[in-house]
Structure formats: C-alpha cells, structure tokens
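# Understanding the architecture of this molecule
Each chain is listed here by its residues.
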Amino acid sequence: MRHFPRLIILVLALSSARLVWGQTDKPAPAVPPATPAQAPTTPTPPTAAPAAETGNPSVMLLKQGHTDSVRAKAAEDLGKQGDRTTIPALAEALKDPSSRVRREVVLALAHFHQSDVLPPLEQATQDVDDGVRITAVQCLVGYYSGVLPPSGWTGFMKKGYEHGRSAVHFQADDSKIDPGVAVDPTVINTLLTVMKQVRSNDASREATKGLGILLAKSAAPDLVAEAHSSNGDLAREALNSLAKIKDRDSGPKLIDLLDSPNKEVKRDACVTVGILRTHEAQPKLQTIFQTDPDVKNKAAAMQGLAYLGDKVSVLVFTAALEDTNKDIRTAAAEGLARAADPQSL
C-alpha cells in the first residue's frame, strides 16, 4: 500500500507521454489548393466617377452654399470649368429659390455648347422671374449665334439696368446667324411660345428678336401677327426680324401698317416692305414721301422705295437728289442705282 501512490503517478506519466507522441507522429493535414475564386488577383484601379459624384467643390457649394452669392459664384465657376458631368447638377439647380442663382445657372449651362443643355435652357424660359426668362432666351439664341450675356455681378447689374430701360428704348440691329446653321425645331417652338406669352413684354420682345437672329422662316406668320401688336416695341421687333428673315410672302401682309398710328411702327414698316421687295407697296410709299409732313416718315418712305428700286420711281428719285435732308438724298441715290441695275446693290 506504501507504493500505491507511486504506481499511480507512473501510470499517469506514461499515458501523457503516449498522447504527446501520438500527436507528434500524425502528419499535418494537407492545405487544399486555392480555388480560382480564392486565388489572389492583381488589384484593378477604381473607375473614375463623374466629377459631380467625387465631391467637386463647386457642385457642393451650388447645392449647399448658405448664401445666394456663394451659390451663384459656384454656378459661374462650373460654367468656366466646362466639366460636362456637372450639367445634371446645374439643371437641378434651376430649382434654386434665388433668381440670381438661377440666372447664373442658365449662363453656366450656355457655356457648355452641348446639346444636353438645350432642354434645361428651354425649361428656364418658363421661369417665374422675368430676368431669368430673358437670359434663358438669350442663351438659347446665343447657342447658335455665339453671343451670350455677361455673367457674374456685373452682368447681373447690367441686366437689371437694361431691363429697366427696355420699355422706352428700341434699337434695330442686323445680327443674325449664317444661313447654313441648322437650328433645332424645339428651340424655335420654345421662342414662339415665349413670344406669344402676355405675362412679360420684355421676354416676348427678346424671343421675337431671337427668331430674327436665328432666321426662323417657319415663324414668319407668327411674326406678321406680332407686327400688328398694340405693343409698339414688340411690333417693331417683329418687323425687324421679318426684315432679317426676308420672307417675301410676308410683305403684302404688312402694307396696312403703312397707315399705323404709331409713327415708329409706320416708319419701320416702310423700310421692311422695301427690304421684302413688296412692289405692291410702291404707290403707298410714294404717297407718303410726297404728302406726309413728317420728315422722318418721308425719309423712311424713300428708304423703302430705294430698296424696291422700281423704274417707275426714277423721277421721284431724281427729284429727291435735291432734297435738303441728307438721309433722303442718300436713299434716292441708292434707289436710282438699283433701278438702273437691280444687282448693283
């Protein structure tokens, strides 16, 4: 019994050694080969995300800027950057509560000169703010003519000044696109829509002017209708556009305006029917020149006669060479030249 504990210790020691030796003798489990899915691959560089999704600072400021000035400047910067991927962000910003910001967004979109910008620019012609609508019209036309209104604070102030004086000032101009430039029909339809809207005379007049610059012959019937508008500035702009488009079929429909009570409209009509070679207007133009006491009316009638260059007016032209008014003398000389050789002028 004295040796029993020692025996137990010996048995336990032998059992432990056997367990250790058994584990050491076992072969290590084989590691299975890597499957194709597990095999290491060369890292692929990440695909570049659009600028608008990679944290373009200007896009972030446009969306989250705390002041109108910050957001307007962000829109201006995006226009200068010219990153096409930011067009959707700019289009979304047309919903900005600030008209100043929306105007800068319109100008920024126009700087891209990509067809993607036409739909948002067309949308902007229906903005609640008159200034934004006018700018959108100018940018739609500028997309083809290359002439855009200025951006930034200076442009904003200039727009306000011109908007304030537009109702009392009218200037005819001869700006127009090259005849071979193709204009999207939706742009013409958009301008026609704005022209016919009565909520803004200034925007309507700008659209009327734009149709002339774009040489929109399909708009001629609508321009003839606007030439008879009670709004004198709008009527004059329509006459100017018809003179640019040179749709001769419109001429006879303007002869009645030679009797317009609006002197400015009457004078513009005298010139326009001449440019459109409306020979049916010759007797009326000659009567105005010979009997109207208003010198400006007489000069406009002579200018219309000069554009016609009818041989029946040679005696009138000859007598007018002695007129005391320089404009009348100049027009008479042109009329004589055209009557002698219609291709000379």
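Figured I'd write up the structure that's included with this text. Given the structure is predicted, the values throughout are model-derived calculations rather than measurements.

Definitions and limits used
- Residues numbered from 1 in each chain as written.
- Predicted model: local features only at pLDDT ≥ 70, side-chain atom pairs only at ≥ 80, totals over all residues.
- Heavy atoms only, no water.
- Helix = DSSP H or I, 4+ residues; strand = E, 2+ residues; numbered from the N terminus.
- Buried < 20%, exposed > 50% of the residue type's maximum accessible area, 1.4 Å probe, protein only.
- Salt bridge = Lys/Arg side-chain N within 4 Å of Asp/Glu carboxyl O.
- Axes fitted to C-alpha atoms, helices over the stretch in contact; angles between N-to-C directions.
- Parallel < 35°, antiparallel > 145°, perpendicular 65-115°, else oblique.
- Contact = heavy atoms within 4.5 Å.
- Nonpolar A, V, L, I, M, F, W, Y, C, P; charged D, E, K, R; others polar.

### Considerations on unusual backbone geometry
Its identity as a non-glycine residue notwithstanding, His113 has a phi of 50°, on the positive side. Here His113 is to be found in the loop between helix H5 (99-110) and helix H6 (118-124). Overall, the relative accessible area of 47% leaves His113 in the partly exposed class. Despite not being glycine, Lys246 shows a phi value in the positive range, around 60°. By the element assignment, Lys246 lies in the loop between helix H12 (232-245) and helix H13 (263-275).

### Describing the pattern of salt bridges
The final tally for this structure, using the stated rule, is 18 salt bridges. Here Arg236 ties to Glu264 by a salt bridge, and the two come within 3.5 Å at their closest N and O atoms. Note that Arg236 is positioned in helix H12 and Glu264 in helix H13, a separation of 28 residues in sequence. Residue classification places Arg236 among the buried residues on the basis of a relative accessible area of 13%. Judged by relative accessible area, Glu264 falls into the partly exposed class, the value being 34%. A salt bridge links Asp292 to Lys266; the shortest N-O distance between them is 3.1 Å. Highlighted residues: Asp292 in the loop between helix H14 (282-291) and helix H15 (295-308) and Lys266 in helix H13, separated in sequence by 26 residues. Both residues of the pair, Asp292 and Lys266, belong to the buried class.

### Observations regarding the packing of H12 against H13
Put simply, H12 and H13 touch, their axes get as near as 9 Å, and they point 10° apart. Compared by their axis directions, H12 and H13 come out roughly parallel. Mapping the contact onto sequence places Gly232, Ala235, Arg236, Leu239 and Ala243 in H12 and Glu264, Val265, Asp268, Ala269, Thr272 and Ile275 in H13. In terms of residue class, the contact of H12 with H13 is made up of six nonpolar, two polar and three charged.

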